[in-house]
Structures are given as structure tokens and as C-alpha cells.
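Close look at the chain arrangement
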Amino acid sequence: MTTTTPPVDPVASGADPRKDSLIEYPSDFPIKVMGLNQDGFVHAVTAIAKEHDPFFDASSVELRPSSGDKYLGVTITVTATSREQLDNLYRALTSSPMVKVVL
């Protein structure tokens, strides 16, 4: 017979999930996104950022083309409010067909 223990609710157990993180929330959090240097890439990245951070400021975006100009690196800085928010943002970015790499 196999017994399983139910998952522990960190809030009910008194644990604070924010204490387990190396990130202090809220904080400015830069994310580097790379993709082909094509029309609409920057807009797609900033639209995803805005979905996950309503206070996202698109004027803070930094762009770095590759040496051959085929790829574009886009650095966005979001206001990170939780691990869940960042996880959802990373999932949304990586699922975009225009995005090649997210760091």
C-alpha cells in the first residue's frame, strides 16, 4: 500500500514564499529577449510585457542588433511583484513564435 502526503500550503503553514526568493519584491527586473530583427518583434515583446506589468514603460526598452544585423536583442525592465508574475511573463515570452531566447 502506498500512502501520499498532501501538499503543504505555504501560507497556511506560516511560510512566506517571498522569503524563499533571492529577489526582493517589488523590484525592477531586466529581461533580455532575442529574436530575428524583423518588423513587429519589438512591439510583440513590449505588448507581452505590458500584459504582465501594467506599469511597464516602453521608453525604457534597450535594443542591440547582432553584428550581422540578423538578430535583435531587446532588454525590457518590468516591475517584478511576485515569482508567479515572472514565471507567467517568461512563459508568455518563450511561447511567442517571434522569440528565440529569453534570459
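Being a predicted model, the structure only gives us computed values, none of them experimental.

Conventions adopted
- Residues numbered from 1 in each chain as written.
- Predicted model: local features only at pLDDT ≥ 70, side-chain atom pairs only at ≥ 80, totals over all residues.
- Heavy atoms only, no water.
- Salt bridge = Lys/Arg side-chain N within 4 Å of Asp/Glu carboxyl O.
- Helix = DSSP H or I, 4+ residues; strand = E, 2+ residues; numbered from the N terminus.
- Buried < 20%, exposed > 50% of the residue type's maximum accessible area, 1.4 Å probe, protein only.
- Core = buried A, V, L, I, M, F, W, Y, C linked by side-chain atoms within 4.5 Å.
- Pairing = 2+ DSSP bridges.
- Axes fitted to C-alpha atoms, helices over the stretch in contact; angles between N-to-C directions.
- Parallel < 35°, antiparallel > 145°, perpendicular 65-115°, else oblique.
- Left-handed = near helix turned anticlockwise from the far one by under 90°.
- Contact = heavy atoms within 4.5 Å.
- Nonpolar A, V, L, I, M, F, W, Y, C, P; charged D, E, K, R; others polar.

Under the criterion given, the structure shown has two salt bridges. With a closest N to O distance of 3.1 Å, Glu62 and Arg64 form a salt bridge.

Relative to the elements of secondary structure, Phe41 occurs in helix H1 (residues 41-52). Take Phe41: its relative accessible area is 0%, and that puts it in the buried class. In the structure, Phe41 is positioned 56 residues away from Pro97 in sequence and 9.8 Å away in space, judged by C-alpha atoms.

Another aspect to go through is the nonpolar core. In a soluble, globular protein the nonpolar side chains are often hidden away together inside. Among the nonpolar cores identified, the biggest contains 23 residues, and Ile31, Val33, Phe41, Val45, Ile76, Val78 and Leu93 are the most heavily contacted of them. Secondary structure elements with two or more residues in this core: strand E1 (27-36), H1, strand E3 (71-80), helix H2 (83-95) and strand E4 (99-102).

Bringing unusual backbone geometry into the picture now. A cis amide bond, omega -10°, links Tyr25 with the succeeding residue Pro26. Within the secondary structure, Pro26 sits in the segment before E1. One non-glycine residue, Asp69, lies in the positive phi region at around 65°. Relative to the assigned elements, Asp69 resides in the loop between strand E2 (62-65) and E3.

The four strands are arranged E2-E3-E1-E4 in an open sheet whose pairing can be described as antiparallel. Looking at which strands have only one partner, the edges of the open sheet turn out to be E2 and E4. This sheet shows a mean twist of 25° between the axes of neighbouring strands, independent of strand direction. Direction of pairing for E1 relative to E3: antiparallel, over a ladder of 10 bridges. Considered in E3, the bridge of Ile31 is made with Ile76.

Following both chains from N to C, one finds H1 and H2 inclined at 155°, their axes separated by 10 Å at the closest point. It follows that H1 is roughly antiparallel to H2 by the angle criterion. As for how H1 packs across H2, the hand of that crossing is right-handed. Residue-level inspection shows Val45, Ile48, Ala49 and His52 of H1 in contact with H2, the latter providing Gln85, Asn88, Leu89, Ala92 and Leu93. Class assignment of the residues belonging to the contact of H1 with H2 gives a composition of six nonpolar, three polar and no charged.

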